[in-house]
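This is what each chain is made of:
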Amino acid sequence: VALIVAAAAYFVSHAVAVSGVQRKLDQSLILTRRAIESEIERFRYLPDVAAEDARITAALKAPDDPSAIAAANRYLQAIAAKSGAAELYLLNSEGTAITASNWATCGSFVGSNYGFRPYFNDALSTGRGRFYAIGVTTGKPGYFLSSRIDRVAPSLGVMVVKVDLTPLEETWKAAGVPTAIADRDGVVFLSAVEH
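Rules used throughout
Residues numbered from 1 in each chain as written. Predicted model: local features only at pLDDT ≥ 70, side-chain atom pairs only at ≥ 80, totals over all residues. Heavy atoms only, no water. Phe/Tyr/Trp six-rings, centres within 6.5 Å; stacked < 30°, edge-to-face > 60°. Helix = DSSP H or I, 4+ residues; strand = E, 2+ residues; numbered from the N terminus. Buried < 20%, exposed > 50% of the residue type's maximum accessible area, 1.4 Å probe, protein only. Lys NZ or Arg CZ within 6 Å of the ring centre and 35° of its normal. Salt bridge = Lys/Arg side-chain N within 4 Å of Asp/Glu carboxyl O.

Caption draft 1: Spotlight on the packing of aromatic side chains. Under the defined criterion, the tally for this structure stands at 5 aromatic pairs. On the numbers, 5.6 Å between centres and 50° between planes, the contact of tyrosine 89 with tyrosine 114 is tilted. A residue pair is termed long-range when its members are at least 10 positions apart, and tyrosine 89 in strand β1 (residues 87-91) and tyrosine 114 in the loop between β2 (97-100) and α5 (118-126) qualify at 25 residues. Residue tyrosine 89 is classed as buried on the basis of its relative accessible area, which comes to 1%. For tyrosine 114, a relative accessible area of 3% gives the class buried. Each ring, one from tyrosine 119 and one from phenylalanine 144, has its centre 4.9 Å from the other, and the planes form 10°; the classification is stacked. Linking tyrosine 119 in helix α5 with phenylalanine 144 in strand β4 (residues 141-149), this pair joins segments that are 25 residues apart in sequence. A relative accessible area of 0% places tyrosine 119 in the buried class. Put simply, the rings of Tyr89, Phe109 and Tyr114 touch in pairs and so form one group of aromatic residues. Its guanidinium or amino end placed over the ring of phenylalanine 144, arginine 117 lies 5.8 Å from that ring's centre, counting from NZ or CZ.

Dropping the structure here:
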């Protein structure tokens, strides 16, 4: 009888402990998910708002006008700096960057074609796009949010913001929380664990 009571007590305490751990993991997952969503969604408005500026309209209408392009470049540079976005850039209907916040750097997006990126094609077809990827120009990961600009007839463009998620990784590292985020295929793309 004593053995049965001891075994039952063990299994009950084990079940309670597992349930407690599961509850903590679920709460941690909810908080982590909300932190990621909040970080991304705070930039969701940016492509739409930036695209409303007259300098963007002018650059889209006259991509061969150096003064229009220069004004748009300076505008995007200022907006990216004030908003905290990693980069902000304007693509033409073929996916080529005609202006960018990083126009004055050696890694400028201007002239690069991103027509193969899902965020570009999704924006063209549905009005909006989003995609997490390693930057082909910078080699740095980021979350890309895009919006179609179709009011500048006959020109068509896509405004893109690149969001840097490494501050989240740094927060997780500083908190000592071994967190990793994986995609549907199990590929880890964000992690607080040093590799």
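That was the structure; now back to the text.
Caption draft 2: Main features of the pattern of salt bridges. In this structure the tally under the stated criterion is 5 salt bridges. Taking the shortest distance from any N to any O, the salt bridge between arginine 148 and aspartate 150 comes out at 3.1 Å. Owing to a relative accessible area of 28%, arginine 148 belongs among the partly exposed residues under this scheme. Taking relative accessible area as the criterion, aspartate 150 reaches 47% and is therefore assigned partly exposed.

Caption draft 3: Geometry of the environment of alanine 78. With respect to the secondary-structure elements, alanine 78 resides in helix α4 (residues 66-83). Classification of alanine 78 as partly exposed rests on a relative accessible area of 34%.

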